[in-house]
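Residue-level listing of the chains:
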Amino acid sequence: MGDGLYIEARIGVDLDLVWERTQDPAQHQRWDLRFTRIAYLPGAEGEPQRFTYGVRVLPGFFVSGTGISAGERHRPDGTRTSALRFACAHPLSFLTEGRGYWRYVPCPEGGLRFLTGYDYAPRWGRLADRLLFRPLMGWATAWSFDRLRLWCERGITPERALWRGLGEVAARLLGVAAAAWAAPLAAVPVLLAALLLPPLPGTPAARRCLRRPPGRGPSAATAATPPALLDRLEHP
(Lines give C-alpha, C1' and ligand atoms only; values in the text may rest on other atoms or scores of the structure.)
Protein backbone atom coordinates (compact mmCIF):
# COMPACT_ATOMS: atom_id res chain seq x y z
CA MET A 1 0.00 0.00 0.00
CA GLY A 2 1.02 3.67 -0.15
CA ASP A 3 1.83 6.29 2.45
CA GLY A 4 -0.70 6.02 5.24
CA LEU A 5 -3.04 8.92 5.99
CA TYR A 6 -3.35 10.45 9.46
CA ILE A 7 -6.09 12.90 10.49
CA GLU A 8 -6.84 14.25 13.96
CA ALA A 9 -9.56 16.55 15.28
CA ARG A 10 -9.98 17.98 18.77
CA ILE A 11 -13.66 17.78 19.80
CA GLY A 12 -14.80 19.48 22.98
CA VAL A 13 -17.64 17.18 24.03
CA ASP A 14 -18.17 13.98 25.97
CA LEU A 15 -16.59 10.86 24.44
CA ASP A 16 -19.90 8.97 24.45
CA LEU A 17 -21.47 11.42 22.00
CA VAL A 18 -18.61 11.11 19.51
CA TRP A 19 -18.65 7.32 19.89
CA GLU A 20 -22.37 7.21 19.12
CA ARG A 21 -22.12 9.44 16.04
CA THR A 22 -19.21 7.49 14.62
CA GLN A 23 -20.26 3.92 15.46
CA ASP A 24 -23.92 4.16 14.43
CA PRO A 25 -23.94 3.70 10.62
CA ALA A 26 -27.03 5.89 10.16
CA GLN A 27 -25.23 8.79 11.86
CA HIS A 28 -21.80 8.02 10.40
CA GLN A 29 -22.99 8.27 6.81
CA ARG A 30 -24.44 11.73 7.50
CA TRP A 31 -21.12 13.44 8.28
CA ASP A 32 -18.49 11.40 6.40
CA LEU A 33 -17.96 12.50 2.79
CA ARG A 34 -16.25 9.21 2.00
CA PHE A 35 -19.47 7.19 2.38
CA THR A 36 -22.95 7.75 1.01
CA ARG A 37 -24.52 4.79 2.75
CA ILE A 38 -23.42 2.19 5.30
CA ALA A 39 -25.43 -0.87 6.32
CA TYR A 40 -24.60 -3.55 8.87
CA LEU A 41 -25.05 -7.19 7.91
CA PRO A 42 -26.58 -9.77 10.29
CA GLY A 43 -24.07 -11.39 12.62
CA ALA A 44 -23.57 -13.00 16.00
CA GLU A 45 -23.34 -10.74 19.04
CA GLY A 46 -19.77 -10.17 20.17
CA GLU A 47 -18.31 -11.00 16.76
CA PRO A 48 -16.73 -8.45 14.40
CA GLN A 49 -19.37 -6.54 12.47
CA ARG A 50 -19.59 -7.03 8.73
CA PHE A 51 -21.08 -4.25 6.63
CA THR A 52 -21.61 -2.96 3.12
CA TYR A 53 -20.93 0.58 2.00
CA GLY A 54 -21.69 2.66 -1.05
CA VAL A 55 -20.25 5.83 -2.55
CA ARG A 56 -22.28 7.90 -5.02
CA VAL A 57 -20.01 8.75 -7.96
CA LEU A 58 -22.84 9.96 -10.23
CA PRO A 59 -26.51 10.77 -9.53
CA GLY A 60 -28.19 7.44 -8.90
CA PHE A 61 -24.99 5.45 -9.45
CA PHE A 62 -23.16 3.83 -6.54
CA VAL A 63 -19.82 2.12 -6.16
CA SER A 64 -20.27 -0.50 -3.44
CA GLY A 65 -17.89 -2.47 -1.26
CA THR A 66 -17.76 -4.64 1.83
CA GLY A 67 -16.03 -4.34 5.17
CA ILE A 68 -15.55 -5.75 8.64
CA SER A 69 -15.06 -3.77 11.85
CA ALA A 70 -14.62 -4.22 15.58
CA GLY A 71 -14.38 -1.84 18.50
CA GLU A 72 -12.90 -1.69 21.98
CA ARG A 73 -15.12 0.47 24.16
CA HIS A 74 -13.47 -0.23 27.51
CA ARG A 75 -9.68 -0.06 27.60
CA PRO A 76 -7.45 0.16 30.70
CA ASP A 77 -6.06 3.56 29.67
CA GLY A 78 -9.51 5.12 29.24
CA THR A 79 -9.28 5.36 25.45
CA ARG A 80 -11.43 3.61 22.89
CA THR A 81 -10.52 2.20 19.50
CA SER A 82 -12.28 0.96 16.39
CA ALA A 83 -10.65 -0.91 13.52
CA LEU A 84 -11.85 -1.94 10.09
CA ARG A 85 -10.85 -3.60 6.86
CA PHE A 86 -12.63 -2.89 3.59
CA ALA A 87 -12.53 -3.99 -0.04
CA CYS A 88 -14.16 -3.00 -3.30
CA ALA A 89 -14.16 -5.04 -6.51
CA HIS A 90 -15.97 -2.44 -8.62
CA PRO A 91 -13.81 -1.33 -11.58
CA LEU A 92 -14.69 2.35 -11.00
CA SER A 93 -13.38 2.34 -7.46
CA PHE A 94 -9.94 3.96 -7.14
CA LEU A 95 -9.00 1.48 -4.39
CA THR A 96 -9.09 -2.29 -4.15
CA GLU A 97 -8.76 -2.83 -0.40
CA GLY A 98 -7.69 -1.01 2.72
CA ARG A 99 -7.51 -0.97 6.49
CA GLY A 100 -7.66 1.65 9.20
CA TYR A 101 -8.54 2.58 12.74
CA TRP A 102 -10.13 5.27 14.89
CA ARG A 103 -8.83 6.28 18.30
CA TYR A 104 -10.79 8.20 20.92
CA VAL A 105 -8.36 9.77 23.41
CA PRO A 106 -9.84 11.78 26.33
CA CYS A 107 -7.98 15.00 27.18
CA PRO A 108 -7.24 15.95 30.82
CA GLU A 109 -8.74 19.41 30.29
CA GLY A 110 -11.93 17.99 28.72
CA GLY A 111 -13.05 16.83 25.31
CA LEU A 112 -11.08 14.33 23.28
CA ARG A 113 -8.72 13.76 20.41
CA PHE A 114 -10.54 11.89 17.66
CA LEU A 115 -8.05 10.54 15.16
CA THR A 116 -7.67 8.06 12.34
CA GLY A 117 -4.90 6.32 10.50
CA TYR A 118 -5.62 4.33 7.35
CA ASP A 119 -4.14 3.12 4.12
CA TYR A 120 -5.34 1.41 0.96
CA ALA A 121 -4.11 -0.24 -2.23
CA PRO A 122 -4.78 1.94 -5.31
CA ARG A 123 -6.40 0.40 -8.38
CA TRP A 124 -4.95 2.73 -11.02
CA GLY A 125 -1.30 3.00 -10.07
CA ARG A 126 0.75 4.80 -7.45
CA LEU A 127 1.39 7.95 -9.47
CA ALA A 128 -2.30 8.78 -9.97
CA ASP A 129 -2.93 7.94 -6.35
CA ARG A 130 -0.12 10.13 -5.03
CA LEU A 131 -1.00 13.13 -7.22
CA LEU A 132 -4.80 13.00 -7.03
CA PHE A 133 -6.64 10.41 -5.00
CA ARG A 134 -4.59 10.32 -1.79
CA PRO A 135 -4.61 14.14 -1.33
CA LEU A 136 -8.35 14.12 -2.07
CA MET A 137 -8.99 11.38 0.49
CA GLY A 138 -6.93 13.22 3.10
CA TRP A 139 -8.87 16.43 2.49
CA ALA A 140 -12.26 14.66 2.52
CA THR A 141 -11.43 12.92 5.80
CA ALA A 142 -10.27 16.12 7.50
CA TRP A 143 -13.26 18.12 6.20
CA SER A 144 -15.59 15.37 7.46
CA PHE A 145 -13.94 15.30 10.88
CA ASP A 146 -14.49 19.04 11.24
CA ARG A 147 -18.10 18.64 10.12
CA LEU A 148 -18.51 16.04 12.87
CA ARG A 149 -16.94 18.47 15.37
CA LEU A 150 -19.39 21.22 14.44
CA TRP A 151 -22.29 18.79 14.83
CA CYS A 152 -21.14 17.67 18.27
CA GLU A 153 -19.99 21.03 19.65
CA ARG A 154 -22.42 23.51 18.08
CA GLY A 155 -25.40 21.45 16.96
CA ILE A 156 -24.85 22.29 13.28
CA THR A 157 -26.24 19.26 11.48
CA PRO A 158 -24.11 17.69 8.75
CA GLU A 159 -26.67 18.72 6.16
CA ARG A 160 -26.60 22.38 7.23
CA ALA A 161 -22.80 22.28 7.37
CA LEU A 162 -22.65 21.06 3.77
CA TRP A 163 -24.90 23.86 2.54
CA ARG A 164 -22.87 26.40 4.51
CA GLY A 165 -19.71 25.11 2.87
CA LEU A 166 -21.20 25.22 -0.62
CA GLY A 167 -22.62 28.68 0.00
CA GLU A 168 -19.30 30.05 1.19
CA VAL A 169 -17.46 28.61 -1.81
CA ALA A 170 -20.06 30.15 -4.12
CA ALA A 171 -19.75 33.54 -2.39
CA ARG A 172 -15.98 33.54 -2.76
CA LEU A 173 -16.16 32.58 -6.44
CA LEU A 174 -18.69 35.34 -7.08
CA GLY A 175 -16.39 37.81 -5.35
CA VAL A 176 -13.49 36.82 -7.57
CA ALA A 177 -15.68 37.00 -10.70
CA ALA A 178 -17.01 40.43 -9.72
CA ALA A 179 -13.49 41.74 -9.09
CA ALA A 180 -12.28 40.37 -12.43
CA TRP A 181 -15.18 42.04 -14.24
CA ALA A 182 -14.74 45.40 -12.50
CA ALA A 183 -10.93 45.58 -12.51
CA PRO A 184 -8.92 42.60 -13.76
CA LEU A 185 -5.83 43.54 -11.75
CA ALA A 186 -7.89 43.61 -8.57
CA ALA A 187 -8.92 40.01 -9.12
CA VAL A 188 -5.49 38.71 -8.07
CA PRO A 189 -5.61 39.86 -4.42
CA VAL A 190 -9.27 38.90 -4.22
CA LEU A 191 -8.43 35.41 -5.50
CA LEU A 192 -5.62 35.09 -2.96
CA ALA A 193 -7.97 36.18 -0.18
CA ALA A 194 -10.58 33.67 -1.34
CA LEU A 195 -8.01 30.88 -1.22
CA LEU A 196 -6.19 31.81 1.97
CA LEU A 197 -8.75 33.32 4.33
CA PRO A 198 -10.11 30.70 6.77
CA PRO A 199 -13.75 29.66 6.43
CA LEU A 200 -16.33 31.06 8.82
CA PRO A 201 -16.47 29.41 12.26
CA GLY A 202 -19.66 27.52 11.41
CA THR A 203 -18.32 26.18 8.11
CA PRO A 204 -16.33 22.91 8.05
CA ALA A 205 -12.65 23.29 7.16
CA ALA A 206 -10.08 20.55 6.60
CA ARG A 207 -7.32 22.94 7.69
CA ARG A 208 -8.56 22.79 11.29
CA CYS A 209 -7.44 19.16 11.58
CA LEU A 210 -3.94 17.85 12.14
CA ARG A 211 -2.41 15.79 9.35
CA ARG A 212 0.48 14.41 11.39
CA PRO A 213 0.67 13.08 14.96
CA PRO A 214 1.29 16.04 17.30
CA GLY A 215 4.57 16.29 19.18
CA ARG A 216 7.05 13.55 19.74
CA GLY A 217 7.58 10.69 22.11
CA PRO A 218 5.47 7.66 23.11
CA SER A 219 2.08 9.40 22.92
CA ALA A 220 2.63 10.51 19.32
CA ALA A 221 3.95 7.10 18.33
CA THR A 222 0.98 5.36 19.95
CA ALA A 223 -1.53 7.57 18.14
CA ALA A 224 -0.03 6.73 14.76
CA THR A 225 0.38 3.00 15.47
CA PRO A 226 -2.46 0.69 14.34
CA PRO A 227 -4.08 -1.13 17.27
CA ALA A 228 -3.53 -4.86 17.67
CA LEU A 229 -7.27 -5.25 17.11
CA LEU A 230 -6.72 -4.48 13.43
CA ASP A 231 -4.50 -7.51 12.91
CA ARG A 232 -7.19 -9.80 14.26
CA LEU A 233 -9.77 -8.80 11.65
CA GLU A 234 -10.38 -11.10 8.72
CA HIS A 235 -10.33 -9.92 5.13
CA PRO A 236 -13.87 -8.70 4.26
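Described below are features of the structure shown in this document.

1. A few points about the overall build of the protein
For step 1, the next point in the chain: When helices and strands are counted, the protein shows seven helices and seven strands.
For step 2, the next point in the chain: Relative to the globule expectation of 18 Å for 236 residues, the C-alpha radius of gyration of the protein, 19 Å, shows essentially globular dimensions.
For step 3, the next point in the chain: Each principal axis of the C-alpha distribution contributes one length, and for the protein these read about 65 × 45 × 35 Å.
For step 4, the next point in the chain: Sorting the 236 residues of the protein into buried and exposed places 42% on the buried side.

2. Details of the pattern of salt bridges
For step 1, the next point in the chain: Scanning the entire structure with this criterion turns up 17 salt bridges.
For step 2, the next point in the chain: Here E72 makes a salt bridge to R75, at a shortest N to O gap of 2.7 Å.
For step 3, the next point in the chain: We classify R75 as partly exposed; its relative accessible area is 28%.
For step 4, the next point in the chain: With a shortest N-O distance of 2.9 Å, E153 and R149 are connected by a salt bridge. Of this pair, E153 and R149 both sit in helix α3 (residues 126-154), four residues apart, which is roughly one turn of the helix.
For step 5, the next point in the chain: If you follow the salt bridges from partner to partner, you end up with E72, R75, D77 and R232 in one network.

3. Examining the sheet that holds strand β4 (residues 61-72)
For step 1, the next point in the chain: Reading across from one edge, β1-β7-β6-β5-β4-β3-β2 is the order of the seven strands in this open sheet, with antiparallel pairing throughout. Here the strands that pair on one side only, and so sit at the sheet edges, are β1 (5-11) and β2 (37-40). Looking at each pair of strands side by side, their axes are set apart by 20 degrees on average, direction ignored.
For step 2, the next point in the chain: Where β4 and strand β5 (residues 80-87) come together, seven bridges link them in antiparallel fashion.

4. Describing a nonpolar patch on the surface
For step 1, the next point in the chain: A cluster of nonpolar side chains, V188, L191, L192, L195 and L196, forms an exposed patch at the surface whose accessible area comes to about 500 Å².
For step 2, the next point in the chain: Relative to the elements of secondary structure, V188 occurs in helix α5 (residues 187-196).

5. Section: the packing of helix α1 (residues 15-23) against α3
For step 1, the next point in the chain: Relative to each other, α1 and α3 sit at 130 degrees, their axes nearing to 11 Å. Compared by their axis directions, α1 and α3 come out oblique. Crossing of α1 against α3: the hand is right-handed. Facing L17, V18, R21 and T22 of α1, the residues of α3 in contact are L148, W151 and C152.
For step 2, the next point in the chain: Looking at the contact of α1 with α3 residue by residue, the classes come out as five nonpolar, one polar and one charged.

About the thresholds
- Residues numbered from 1 in each chain as written.
- Predicted model: local features only at pLDDT ≥ 70, side-chain atom pairs only at ≥ 80, totals over all residues.
- Heavy atoms only, no water.
- Helix = DSSP H or I, 4+ residues; strand = E, 2+ residues; numbered from the N terminus.
- Rg over C-alpha atoms; globule rule 2.2 N^0.38 Å.
- Buried < 20%, exposed > 50% of the residue type's maximum accessible area, 1.4 Å probe, protein only.
- Salt bridge = Lys/Arg side-chain N within 4 Å of Asp/Glu carboxyl O.
- Pairing = 2+ DSSP bridges.
- Axes fitted to C-alpha atoms, helices over the stretch in contact; angles between N-to-C directions.
- Patch = residues over 30% accessible without salt bridge, like charges linked within 9 Å, V, L, I, M, F, W, Y side chains within 5 Å.
- Areas by Shrake-Rupley, 256 points an atom, 1.4 Å probe, with all protein chains shown as cover.
- Parallel < 35°, antiparallel > 145°, perpendicular 65-115°, else oblique.
- Left-handed = near helix turned anticlockwise from the far one by under 90°.
- Contact = heavy atoms within 4.5 Å.
- Nonpolar A, V, L, I, M, F, W, Y, C, P; charged D, E, K, R; others polar.

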